[in-house]
Structure formats: C-alpha cells, structure tokens
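Architecture and fold: a report
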Amino acid sequence: MNLALFDLDNTLLSGDTDVEWIDFLVEQGVLPPSDHEANHAMDRRYGSGQASALEYVRFYLGYYRPHDREALLAWRAQFLESKIRPRMLLAAQHLVTSHAKDLVAIITATNRFLSEPVGAAFGIEHVIATEPEIVEDRFTGDVAGAPCMREGKIEHLDRWLEKRGQALSDFAQSWFYSDSVNDLPLLERVTHPVAVDPDPRLADVARRRGWRTLTLR
C-alpha cells in the first residue's frame, strides 16, 4: 500500500472552505456585511505570507465562539449543500478514485468541524486537520495544539501515522497534491509532489524542480 495525501482548499475544491463559510454566514444574516471584507482581507494576508498560521486559524475559529453546537451543525448542513458540493471538482473525485488501492487522507489547514464532512463527501475516511479547542461542548475560538499548516502539516501527519504504527518512510511511494506554496514543507517530504492548479510561487518551484503539475478545473 502506498500513501496519497490531498490538500482540500483550492485543490479538491474550487475555493477555500473557511472563506466560503464566513461568506455563507454573512449571506444568512448571522454575521454583519462588514465581515465579508475582513474575511477576504485575511485570506489575502495569509496567501501573501503576511499572516502567521496561528493568526489565521484563530481569526476563523473566533467566529465559532458565540454560537452553540446545535446552531453550528444546522448552518453547516446548509453550507455543505449550497456552497461546498458545487465546488467539489469532478476531476478531483476521479483523482481520488485513482488512488483506491492506497492509504488516502485529506491533510488541511481547515478545522475539523468543516473539513471532516467534506472528506466524507469525497469518500475519504481519513482527515488530518486543524483541531479546534472545545470546552464543555463549545468552541473557545482557539486551536488545540499546532495549526495543521505549513511545517505543522508534517507534525500532524507524523502523529497520525504514528498512531497507526506507521511512518512516512514506510511507504515506498507517497503523493501529496496541493495548490499552495504554503505546503512546500510537506511537498518536499513525499516521493511524488504534485502541484495542482498552483499559485504563482508554487508553479515556479514546480517548474524549476521538475515536479508534476496538473489542473482539476
């Protein structure tokens, strides 16, 4: 068995789950219209490297804190049907299926509350994600442990594999599919790094290193 890892946002999906979630809550009237611009400003700052991983995840997790789980689950169900399913790329589904004989996992910066049901929609059992801190069944607005971002993805992957009694070196072949230069640390660890509809900086790295590049759109 080999290992196939997939980034979620702008890779398997044509968009970013966290960004879409905040826009959805604004559309539902849960959040004020001003949060739309704050949302996209944070997305731009992180994409350009101006925001740290911790600042990014705390920004988005902060929106969960005022609401109880029942309300969040109801909004999430609507969100998955109206915003996420239309962004699930058919070519991405075929790519996941092509790894049916491998150990497959999504590894994403998006928190588990949003990413786990998206993984299930793709038929992917294993989701390695940023873990939101939850106390007495409520989101605190903080992250539990390190964000699953940049170098943190390696930490999360190693811990997940260790719990399975495995290590990355156990796999003769390993793939990681990602769109973002933020995922460079993990792309450098696998035997088959693949740039998927890459951002300009990752496209440049892939071109210089001779990495495979593909589009799912």
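If you're wondering where the values come from, they're calculated on a predicted model, not measured in any experiment. (Residues numbered from 1 in each chain as written. Predicted model: local features only at pLDDT ≥ 70, side-chain atom pairs only at ≥ 80, totals over all residues. Heavy atoms only, no water.)

1. Regarding the packing of aromatic side chains
Remark: the centre distance and the inter-plane angle together describe each pair of aromatic rings, the angle taken between the planes. The test is simple: The rule is short: rings of Phe, Tyr and Trp, with Trp giving its six-membered ring, pair when the centres are within 6.5 Å, and they are stacked under 30 degrees, edge-to-face over 60, tilted in between. By definition, any uninterrupted DSSP run of H or I lasting at least four residues is a helix, any uninterrupted run of E lasting at least two residues is a strand, and each is numbered from the N terminus. Type-normalised accessible area, obtained with a 1.4 Å probe on protein chains alone, sets the label of each residue: buried when under 20%, exposed when over 50%, and partly exposed for intermediate values.
Under the definition given, this model contains 13 aromatic pairs. Judged by centre distance (6.0 Å) and plane angle (20 degrees), the ring pair of Trp21 and Tyr64 falls under stacked. With a gap of 43 residues between them, Trp21 in helix α2 (residues 17-27) and Tyr64 in the loop between α4 (53-61) and α5 (69-84) connect regions that are remote in the sequence. Side by side, Trp21 and Tyr64 carry an identical accessibility label, which is buried. Ring geometry for Phe24 against Phe79: centres 5.6 Å apart, planes inclined by 55 degrees, an arrangement best described as tilted. Here Phe24, found in helix α2, pairs with Phe79, found in helix α5; they are 55 residues apart in sequence, far enough to count as distant. Considered together, Phe24 and Phe79 belong to a single accessibility category, that of buried residues. Each member of the aromatic cluster is reached from another via a ring pair, and the members are Trp21, Phe24, Tyr64, Phe79, Phe113 and Phe139.

2. Regarding the packing of α2 against α5
Where we set the bar: Under this scheme, a helix contributes an axis fitted over its contacting stretch, all axes are lines through C-alpha atoms, and angles between N-to-C directions fall in the 0 to 180 degree range. Convention used here: angles under 35 degrees read as roughly parallel, angles over 145 as roughly antiparallel, angles from 65 to 115 as roughly perpendicular, and any remaining angle as oblique. Between two residues, a contact is recorded if the distance between any of their heavy atoms is within 4.5 Å. Here the nonpolar group is Ala, Val, Leu, Ile, Met, Phe, Trp, Tyr, Cys and Pro; Asp, Glu, Lys and Arg are the charged ones; every other residue, Gly included, is treated as polar.
Direction vectors running N to C along α2 and α5 enclose 110 degrees, while the axes themselves pass 10 Å from each other. The orientation of α2 relative to α5 falls into the category roughly perpendicular. In contact with Thr17, Glu20, Trp21, Phe24, Leu25 and Glu27 of α2, α5 contributes Leu72, Trp75, Arg76, Gln78, Phe79, Ser82, Lys83 and Ile84. Residue composition of the contact of α2 with α5, by class: seven nonpolar, three polar and four charged.

3. Section: the packing of α2 against helix α3 (residues 34-47)
Interhelical geometry of α2 versus α3 gives an angle of 175 degrees and a closest axis separation of 9 Å. In terms of orientation, α2 lies roughly antiparallel with respect to α3. Contacts between α2 and α3 involve Asp18, Val19, Ile22, Asp23 and Val26 on the former and, on the latter, Asp35, His36, Asn39, His40 and Asp43. Here the residues of the contact of α2 with α3 are counted per class, giving three nonpolar, three polar and four charged.

4. Considerations on the layout of surface pockets
Filter applied, for reference: Two kinds of site are reported from a 1 Å grid over the protein atoms alone, namely cavities, where a 1.4 Å probe fits but cannot get out, and pockets, open sets with protein on both sides within 12 Å along at least five of seven lines, and residues are called lining when an atom falls within 4 Å of a point. Grid points are joined across faces, edges and corners, and a volume is the space filled by probe spheres set on the points.
Approximately 370 Å³ is the volume attributed to the largest pocket. Forming the boundary of the largest pocket are 22 residues, of which Asp16, Tyr46, Asp179, Ser180 and Asn182 lie nearest the centre. The set of elements that each furnish at least two residues to the lining of the largest pocket consists of α1 (8-12), α3 and β2 (103-111). In the lining of the largest pocket, the residues fall into five nonpolar, six polar and 11 charged. There is about 200 Å³ of room inside the second largest pocket. For the second largest pocket, the full set of lining residues is Arg112, Glu125, His126, Val127, Ile128, Ala129, Glu131, Ala144, His156, Arg159, Trp160 and Lys163. For the lining of the second largest pocket, the elements supplying multiple residues, two or more each, are β3 (126-130) and α8 (152-163). Considered class by class, the residues forming the lining of the second largest pocket number five nonpolar, two polar and five charged.

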